[in-house]
Amino acid sequence: MEPFRAGRAIHVSASTYNDVALHSSTGAALRSESLWQGLAGVPHQVRYVETSLGVRTRIIEAGDGPPLLFLHGTGGHLEVFLRNIGFFADDFHIVAMDLLGHGYTDLPHDDSLFDWRTVAEHVLSLMDTLGIESAALVGEALGAQVAQWLAVQYPARVQRVVLCGACILPTEDADDVSLMESQAAFQELTARALEDPGSIELMRERMSWLHLKREQVNDEMLDLRVGFWTRPGFTAAHRKLLGSLRTARQNPRTSLSRAALQQLEVPALLVWTEQNPLFGLDSALRLAEYLPTAEVEVFSDSAMWPQFDEAEKFNELVQSWLSAQHRSDLGVMDPLIDLDDPVHLP
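Residues numbered from 1 in each chain as written. Predicted model: local features only at pLDDT ≥ 70, side-chain atom pairs only at ≥ 80, totals over all residues. Heavy atoms only, no water.

## Focus: the packing of aromatic side chains
The description of two aromatic rings rests on the distance between their centres and on the angle between their planes. By the definition in use, this model includes nine aromatic pairs. Aromatic side chains F87 and F88 sit 5.2 Å apart centroid to centroid with 75° between the ring planes, which places their arrangement in the edge-to-face category. On the basis of relative accessible area, F87 is assigned to the partly exposed category, the value being 34%. On the basis of an interplanar angle of 50° and a centroid distance of 6.4 Å, the ring pair of W149 and Y154 is categorised as tilted. A relative accessible area of 33% places Y154 in the partly exposed class. Ring-pair connections join several aromatic residues into one group, and the members of that group are F70, F81, F87, F88 and F92. Positioned above the aromatic ring of Y48 is the side chain of R56, whose terminal nitrogen or guanidinium carbon lies 3.6 Å from the ring centre. (Phe/Tyr/Trp six-rings, centres within 6.5 Å; stacked < 30°, edge-to-face > 60°. Buried < 20%, exposed > 50% of the residue type's maximum accessible area, 1.4 Å probe, protein only. Lys NZ or Arg CZ within 6 Å of the ring centre and 35° of its normal.)

Structural data, given as structure tokens:
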């Protein structure tokens, strides 16, 4: 595939629950409009798996076919993909997971490093345990950074990658000064939420950053997140993770160089938003200049969570792209996708 150039993109016009899936953190039964309604009629299973690294990991599985893994963001959990899993289960073996130190997956050991490399190694260990040699990855925020790191460091394990809302820019790149104020404000709010993780209002304020409109904050998701954040040991582990993320690009253990990105052959789709408060569109375009396989799509009605707030559009876009990539692997051209269209800015 020819290198990215500015303006190049794609366009696409039997349940089994365990003890954690059916109730909010307050203990109240979930309402009829539950997030889990997105899986109504879709056979799936929520279960715990002990990985090859000895980490007890909560996952949800659905569907048959090529493996497709969903990786959530910092402070998140697998439920952020409940509007996507059922859609893709028709064509893929879906695995969404609580990342290390998140949701109901084990926290890291007190004396262990906790950064996106550690999280990525946990993802690989889950793949090993499930017998998945290689998979397509969809990551949002931290999950996108982890997916990108895996694609660069372990390309044989990653068939293709969808990066949603965040990325790892090379060490040589300068930070985006235009976003420093908003990033600092979000970090300060996160610190306050970690001081009082049981506060619904603080959590609502923090989650409002993830959505374009405050009313898009889902109350059930809010209850779940407060429940996860009040787990014993979560706040200490999360502070450790956030500290490592702030210096990750300058740390030889976790940094990526331009040369490494330029050599990446794994097909990559960057799904961004016009209103991303923490990683501007410039981040996606800068990364795409380095990745020889990159394609970019920009959404207009979401902030950090297009997979949630614009789920129908997100699902159709990613499905079309994955299908086109599969046909490309087989040497079949897809006339429905025009790679010379400009970047979509609705």
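That covers the picture; the talk isn't over yet.
## Points about the packing of helix α4 (residues 180-195) against helix α7 (residues 234-246)
Close contact between α4 and α7 brings their axes to 10 Å; oriented N to C, the two are set at 160°. Taken together, the axes of α4 and α7 are roughly antiparallel relative to one another. For the pair α4 and α7, the crossing hand works out as left-handed. Where α4 abuts α7, its residues Q187, T190, L194 and E195 lie against F234, T235, H238, R239, L242 and R246. (Axes fitted to C-alpha atoms, helices over the stretch in contact; angles between N-to-C directions. Helix = DSSP H or I, 4+ residues; strand = E, 2+ residues; numbered from the N terminus. Parallel < 35°, antiparallel > 145°, perpendicular 65-115°, else oblique. Left-handed = near helix turned anticlockwise from the far one by under 90°. Contact = heavy atoms within 4.5 Å.)

## Topic: the nonpolar core
Core analysis: the biggest nonpolar cluster contains 104 residues, and I60, L68, I85, V123, V146, V161 and L270 have the highest contact counts within it. Counting residues per element, this core draws most heavily on helix α3 (residues 142-153), at eight residues. Setting aside anything within four residues of it in sequence, one finds V146 in contact with L71, W116, V119, A120 and V123. (Core = buried A, V, L, I, M, F, W, Y, C linked by side-chain atoms within 4.5 Å.)

## A closer look at the environment of E312
Relative to the helices and strands, E312 resides in helix α11 (residues 311-329). Separated by 229 residues in the primary sequence, E312 and R83 place their C-alpha atoms 8.3 Å from one another.

## Details of the environment of L68
The topology assignment puts L68 in strand β4 (residues 67-71). Judged by relative accessible area, L68 falls into the buried class, the value being 0%. Sequence-wise, L68 and A135 are 67 residues apart; in three dimensions their C-alpha atoms are separated by 5.6 Å. Those residues within four positions of L68 in sequence are excluded, and the remaining contacts are F88, F92, H93, I94, V95, A136, L137, V138 and L322.

## Comments concerning the pairing of strand β5 (residues 93-97)
Counting buried positions over the five residues of β5 gives five, a clear majority of the element. Summarising the sheet, strand β3 (residues 56-62) and β5 pair through four bridges and their orientation is antiparallel. Bridge pairing in β5 links A62 to I94. Summarising the sheet, β4 and β5 pair through five bridges and their orientation is parallel. (Pairing = 2+ DSSP bridges.)

## Concerning the pattern of salt bridges
One pass over the full model with this rule turns up 16 salt bridges. The partner of D115 in a salt bridge is R253, with the nearest N and O atoms 2.7 Å apart. Residue D115 is located in the loop between β5 and α2 (116-130), and its partner R253 is located in the loop between α7 and α8 (258-262); the two are separated by 138 residues in the primary sequence. Given the relative accessible area of 22%, R253 is considered partly exposed. Here E201 makes a salt bridge to R204, at a shortest N to O gap of 3.9 Å. With E201 and R204 both in helix α5 (residues 200-208) and three residues apart, the pair spans about one turn of that helix. Several salt bridges share partner residues, and in doing so they unite D173, R258, D282 and R286 into one network. (Salt bridge = Lys/Arg side-chain N within 4 Å of Asp/Glu carboxyl O.)

## Considerations on the side chain of Q307
Secondary-structure assignment places Q307 in helix α10 (residues 306-309). On the basis of relative accessible area, Q307 is assigned to the buried category, the value being 0%. Only 3.4 Å separates the side chain of Q307 from the backbone oxygen of V80, close enough to count as a polar contact. Leaving out residues up to four positions away in the same chain, Q307 has contacts with V80, F81, R83, N84, E140, C164 and F314. (Polar contact = N/O pair within 3.5 Å; in protein donor to acceptor, adjacent residues only side chain to side chain.)

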